[in-house]
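Structural description and commentary
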Amino acid sequence: MKKKIFFMLINMNVGGTEKALLNMISEIPKEKYDITLFMLEEYGDFLKYIPNYVTVKYLVGYNQIKAIINQPLHKAAVNAFRIGNFINAFILIFLYLTSKVFDDRRIVFNYVLKNYKKIETEYDIAVAYAGPMDFISYFVINKIKAKKKIQWIHFDVTKVGFNKRMVNKIYKKFDKIFIVSEEAKSKLINLVPSISGITEVFYNIVSPSHIKSSTKEGKGFEDDFNGLRILTIGRLSKEKGQDLAVRVLAKLNREGYNVKWYCVGEGNSRKECEKLIFEKNLGEKFILLGSDTNPYPYLEQCDIYVQPSRYEGYCITVIEAKQLLKPIITTNVNGANEQIKNGKTGLIVNIDENEIYLALKKLIDNEFFRTKFSNNLFYETYDSTIEMKKLFNILEG
């Protein structure tokens, strides 16, 4: 009989976390395991890449509780007052005050899920994979039947809202906590020492063969630019650092460098990016390409890959750039030193526009370094089986 695996996440938006999940699913033998993806909402361009043998389900009624989960309760209460829903508004105020006094949002989750019965199917493993981490963690612990339960963490816990008291109460109920880099693990355990014994690193999975074959599909660059192309892939957001990239390009442009910088990705910082690009007079030099589920033709064709993030869990686009032997510059975020050998397979710099600028100048001015990094990456090997064994070991007991 096949064993059952349950993954819960918010949606299948285009992002590194969702891509890592799809890559991991491709490594799980479908003849041995039944996989269920349980999402809060039916959304995201990666939905079409879910294999047809995977069961997909959604949380019924999520739209009715979404505002309560994703925004401060006092704001939700104000909105309820505005539309005349006074009873709900008073309930939300009560929940807000109670959760504040006890410093525990489980009170809120218990309320919004009061009419949700525990899912009857029993799984061999249930994974709180991604999304509003406290809600999904709470749901997996309280509403899913499973022999083993896993919490997966993809971010830097020191850079996001992280309620240590609540997390300590929920996380200790999991059988295993996977986190995507050694540095991120160290930060997590420093905040919540009680979970050190069940916490283990599980690096994000990529598929080198899929990356290389995908470079032959899609569109890639369509302009006739004859200078050096710099590429960044990632959601347009403050944490991904595209604003730093714009400022770096402005300096290079003033010095007359024949370069263009392209960004694949979409997000809530687009307007801020466009404004900064306009202010720096870089409309023809800094190109926002929008979201693309297949960025690999761009990655194959670029000359330098730059990841200017302010924080990461373990950046999957850096791993992908390595598979295509690209000269890489990354900021010193979680996992950077586990991905790049500084000065040998790329450059790691502080989260600072001047350091990114100096590193780029070094690579632009000296083709030797670009060739050196690419050649050194050629001799690196990538093997996903080491990571997948960590999951299979739990499945097989």
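Below: a short report on this structure.

Thresholds applied
- Residues numbered from 1 in each chain as written.
- Predicted model: local features only at pLDDT ≥ 70, side-chain atom pairs only at ≥ 80, totals over all residues.
- Heavy atoms only, no water.
- Core = buried A, V, L, I, M, F, W, Y, C linked by side-chain atoms within 4.5 Å.
- Buried < 20%, exposed > 50% of the residue type's maximum accessible area, 1.4 Å probe, protein only.
- Helix = DSSP H or I, 4+ residues; strand = E, 2+ residues; numbered from the N terminus.
- Arc of directions from axis to C-beta.
- Polar contact = N/O pair within 3.5 Å; in protein donor to acceptor, adjacent residues only side chain to side chain.
- Contact = heavy atoms within 4.5 Å.
- Axes fitted to C-alpha atoms, helices over the stretch in contact; angles between N-to-C directions.
- Parallel < 35°, antiparallel > 145°, perpendicular 65-115°, else oblique.
- Nonpolar A, V, L, I, M, F, W, Y, C, P; charged D, E, K, R; others polar.
- Pairing = 2+ DSSP bridges.

For the rest of this paragraph, the subject is the nonpolar core. Soluble globular proteins tend to pack their nonpolar side chains together in the buried interior. Counting 56 residues, the largest nonpolar core has Phe7, Met24 and Leu231 as its most contacted members. Counting residues per element, this core draws most heavily on helix H1 (residues 16–26), at five residues. Listed in part, the 46 residues of the second largest apolar core include Leu92, Val167, Ile170 and Ala184.

Looking now at helix H7 (residues 164–171). Residue pairs spaced three or four apart in an α-helix point in one direction, given the helix's 3.6 residues per turn. Listed as buried for H7 are Met166, Val167, Ile170 and Tyr171. The arc that holds every buried residue of H7, seen down its axis, measures 115°, which confines them to one face.

Right, let's talk about the side chain of Asp156 for a bit. Mapped onto the fold, Asp156 is located in the loop between strand E5 (145–153) and H7. At 2.5 Å, the side chain of Asp156 and the side chain of Thr158 are in polar contact. Once residues within four sequence positions are removed from consideration, Asp156 is found in contact with Lys187, Tyr311, Glu312, Gly313 and Asn334.

In this section: the packing of helix H10 (residues 242–254) against helix H11 (residues 270–279). Relative orientation of the contacting elements H10 and H11 amounts to 10°, with a least axis distance of 10 Å. Put simply, H10 runs roughly parallel to H11. Of the residues in H11, those in contact with Gln242, Asp243, Val246 and Arg247 of H10 are Cys273, Leu276 and Ile277. For the contact of H10 with H11, a count of residues per class yields four nonpolar, one polar and two charged.

Bringing the sheet that holds strand E1 (residues 3–9) into the picture now. Backbone hydrogen bonds are what pair the strands of a sheet, in a parallel or an antiparallel way. Read from one edge of the open sheet, seven strands run E3-E2-E1-E4-E5-E6-E7, paired in parallel fashion. Where the open sheet ends on each side, the last strands, each with one partner, are strand E3 (55–58) and strand E7 (199–201). For this sheet the average axis-to-axis angle between neighbouring strands, irrespective of direction, equals 25°. In this sheet, E3 lies alongside strand E2 (residues 33–39) in parallel orientation, the contact comprising four bridges. Opposite Thr36, over in E3, you have Thr55 as the bridge partner. Across the sheet, H1 lies against E1, E2 and E5, angled at about 170° from E1, the strand it touches most. Seen against the sheet, helix H17 (residues 385–395) touches E1, E2, strand E4 (122–128), E5, strand E6 (176–179) and E7 and runs at an angle of roughly 140° to E4.

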